[in-house]
Amino acid sequence: MRTHLDSDSILTATVGIASPVLGVITSFQEQIEWTLRVASLIVGLMVGAMSLIAMVKKMRGK
């Protein structure tokens, strides 16, 4: 049993943790991309709607 951590064991642990995480990210890459595209579209539509509402209010005020 090890009583101290050396650089080799830290590197081995890091690679052991990172490998499955990268595998999961790679397998869900298409779904993640689709979700980000839809989210950015929704945010863009919300900003456009808020800008339109502000412009209409400004035009009615004059």
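Below: a short report on this structure. Predicted model only: the values in this text are computed from it and were never measured. (Residues numbered from 1 in each chain as written. Predicted model: local features only at pLDDT ≥ 70, side-chain atom pairs only at ≥ 80, totals over all residues. Heavy atoms only, no water.)

Remarks on the overall build of the chain
At step 1: Along its length, the chain carries two helices and zero strands.
At step 2: For 62 residues, the compact-globule formula gives about 11 Å, and the C-alpha radius of gyration of the chain, at 25 Å, lies well above that figure.
At step 3: For the chain, the spread of C-alpha atoms along the principal axes amounts to about 80 × 25 × 15 Å.
At step 4: Looking at the chain as a whole, 2% of its 62 residues qualify as buried.
At step 5: Accessible surface for the chain amounts to roughly 6000 Å². Of this, 72% is attributable to carbon and sulfur atoms.
At step 6: Of the side chains in the chain, 6 bear a positive and 4 a negative charge, and the two mean positions are spaced by 35 Å. (Helix = DSSP H or I, 4+ residues; strand = E, 2+ residues; numbered from the N terminus. Rg over C-alpha atoms; globule rule 2.2 N^0.38 Å. Buried < 20%, exposed > 50% of the residue type's maximum accessible area, 1.4 Å probe, protein only. Areas by Shrake-Rupley, 256 points an atom, 1.4 Å probe, with all protein chains shown as cover. Lys, Arg positive; Asp, Glu negative; His and termini not counted. Charge placed at Lys NZ, Arg CZ, Asp CG, Glu CD.)

Comments concerning the environment of valine 56
At step 1: Relative to the helices and strands, valine 56 is located in helix α2 (residues 29-61).
At step 2: In sequence terms valine 56 and aspartate 6 are 50 residues apart; their C-alpha atoms lie 66 Å from each other.

Let's talk about the packing of helix α1 (residues 7-27) against α2
At step 1: Relative orientation of the contacting elements α1 and α2 amounts to 60°, with a least axis distance of 4 Å. What the angle tells us is that α1 and α2 run oblique. Contact residues: α1 offers Ile25, Thr26 and Ser27, while α2 offers Gln29, Gln31 and Ile32.
At step 2: Looking at side-chain class alone, the contact of α1 with α2 contains two nonpolar, four polar and no charged residues. (Axes fitted to C-alpha atoms, helices over the stretch in contact; angles between N-to-C directions. Parallel < 35°, antiparallel > 145°, perpendicular 65-115°, else oblique. Contact = heavy atoms within 4.5 Å. Nonpolar A, V, L, I, M, F, W, Y, C, P; charged D, E, K, R; others polar.)

Details of a nonpolar patch on the surface
At step 1: Together, Ile17, Val21, Leu22, Val24, Ile25, Phe28, Ile32 and Leu36 line one region of the surface with nonpolar side chains, adding up to about 780 Å² of accessible area.
At step 2: Mapped onto the nonpolar patch, the elements with two or more residues apiece are α1 and α2.
At step 3: The greatest single-element share of the nonpolar patch, amounting to five residues, is contributed by α1.
At step 4: Its relative accessible area of 46% is what places valine 24 among the partly exposed residues. (Patch = residues over 30% accessible without salt bridge, like charges linked within 9 Å, V, L, I, M, F, W, Y side chains within 5 Å. Salt bridge = Lys/Arg side-chain N within 4 Å of Asp/Glu carboxyl O.)

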